[in-house]
Amino acid sequence: MRFLHTSDWHLGRSFHRVNLLTAQRAFLDHLVETVRTRRVDAVLVAGDVYDRAVPPLAAVELFDDALHRLAGLGVPTVMISGNHDSARRLGVGSGLMGQAGVHLRTDPAACATPVVLRDAYGEVALYGLPYLEPALVKDEFGAERADHAHVLGAAMDRVRDDLAARPAGTRSVVLAHAFVTGGAPSDSERDITVGGVESVPAAVFEGVDYAALGHLHGCQTITDRVRYSGSPLAYSFSEERHRKSMWLVDLDAAGTVTAERLDCPVPRPLARLRGELEELLADPAHDVHEEAWVEATLTDSARPHEPMARLAARFPHILSLAFEPEEGAARTLASYAQRLRGRSDQEIAEDFVAHVRPGRGVDDEERDVLRSALDEVRTDDVLREVAG
């Protein structure tokens, strides 16, 4: 059986104020054509279909059109909600859609109820595990702790129990939206840290033939049976070196996995340029970037006159400009966002405490209080999205 594994469409998202709907439409055209020409048996979409809980109408229309076209090909689609999606909204009409071959899995309680497909070698059970917010699903799964490892582990126990009750030789696929240990993040994923931990071990997926993962935006192989497809488009300059793609996965009679990486259309390349303004304007090595979306970081000791306008004359698609002077104390002119880049909310809060209380950092008890407060705020945000 042949699957096309994709995730993290983030329909409705912009890139530094550039509307990406045209690029997202081109990707979905490519996906549908790939399904047709490569004789795909089922499409797997591992969460973050939309970029936010209440997506813009144009994004919903794009989603609707893609589902109609896939259903028109007679190819089943299995799709889960991610941490950016509103599970309740995405799941509206799922019963009717299922009759057309579009299987939306947004209810955590139904994670052990698979979509069962059949080929010449028997049945394949596809289990959709939507994004599991630990504080909201701990009781549903009877998990020991409200963290990602425990709730996802409990959900997978239900999957394995269901699989064990099926005929011998039944092959299995799981869709999940999580941060698995060993994966490489980028700047464009929303933080899902709970209790200071956001990742789960790959071993949680033991017992199934293939785990189709979503959440991380870089395509990557955790193990031969556990893979991220990554996002089809770049959503931050940290993804400059990403090769955007999907996995074409073949599952043979014995459950052996063979995966081929298929490239996605690139609307415009990304370039991160660094140096003094005059150097960026004159260096012929940058000719190749003149049609790219550009993030420029200027290292001039003094801020140049009208740098954005001058850079735009050479790089008309420049989107981001930052200043990081190379010399001594001038480094303090770096933007606030750049000073915080790569730091978690917990680290920023601890740094603030240390800053306003010189000579004394954060002790273990205070660290736990900060962590609990941040977890409560993040969970409250999720609850408001669900209620909205």
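Structure's up top.
Residues numbered from 1 in each chain as written. Predicted model: local features only at pLDDT ≥ 70, side-chain atom pairs only at ≥ 80, totals over all residues. Heavy atoms only, no water.

### Notes on the pairing of strand β5 (residues 77–80)
Here is step 1: Residues of β5 alternate between two faces, with T77 and M79 on one and V78 and I80 on the opposite face, all of them buried.
Here is step 2: Where strand β4 (residues 42–46) and β5 come together, four bridges link them in parallel fashion. When the sheet's bridge partners are listed, V43 is paired in β5 with T77.
Here is step 3: A crossover connection joins β4 to the parallel β5 through helix α2 (residues 57–72); in handedness this β-α-β unit is right-handed.
Here is step 4: Two elements, β5 and strand β6 (residues 102–105), share four bridges in a ladder whose sense is parallel. Bridge pairing in β6 places M79 opposite L104. (Buried < 20%, exposed > 50% of the residue type's maximum accessible area, 1.4 Å probe, protein only. Helix = DSSP H or I, 4+ residues; strand = E, 2+ residues; numbered from the N terminus. Pairing = 2+ DSSP bridges. Right-handed = clockwise from strand over helix to strand, strands pointing away.)

### A look at the pattern of salt bridges
A pair can form between side chains of opposite charge whenever their charged atoms are brought close.
Here is step 1: Under the criterion given, the structure shown has 21 salt bridges.
Here is step 2: For the salt bridge of D263 with R243, the shortest nitrogen-to-oxygen distance reads 2.5 Å. Taken together, the residues D263 in strand β16 (residues 257–263) and R243 in the loop between β14 (226–228) and β15 (245–251) connect sequence positions 20 residues apart.
Here is step 3: According to the relative accessible area criterion, R243 is partly exposed, its value standing at 42%.
Here is step 4: Measuring nitrogen to oxygen at the nearest pair gives 2.8 Å for the salt bridge that ties E324 to R274. Of the two residues, E324 is situated in the loop between β19 (318–323) and α9 (336–340) and R274 in strand β17 (residues 270–275); the sequence distance between them amounts to 50 residues.
Here is step 5: For R274, a relative accessible area of 40% translates into the label partly exposed.
Here is step 6: One connected set of salt bridges, linked through shared partners, spans D29, D65 and R69. (Salt bridge = Lys/Arg side-chain N within 4 Å of Asp/Glu carboxyl O.)

All we've got here are geometric facts, nothing functional implied.
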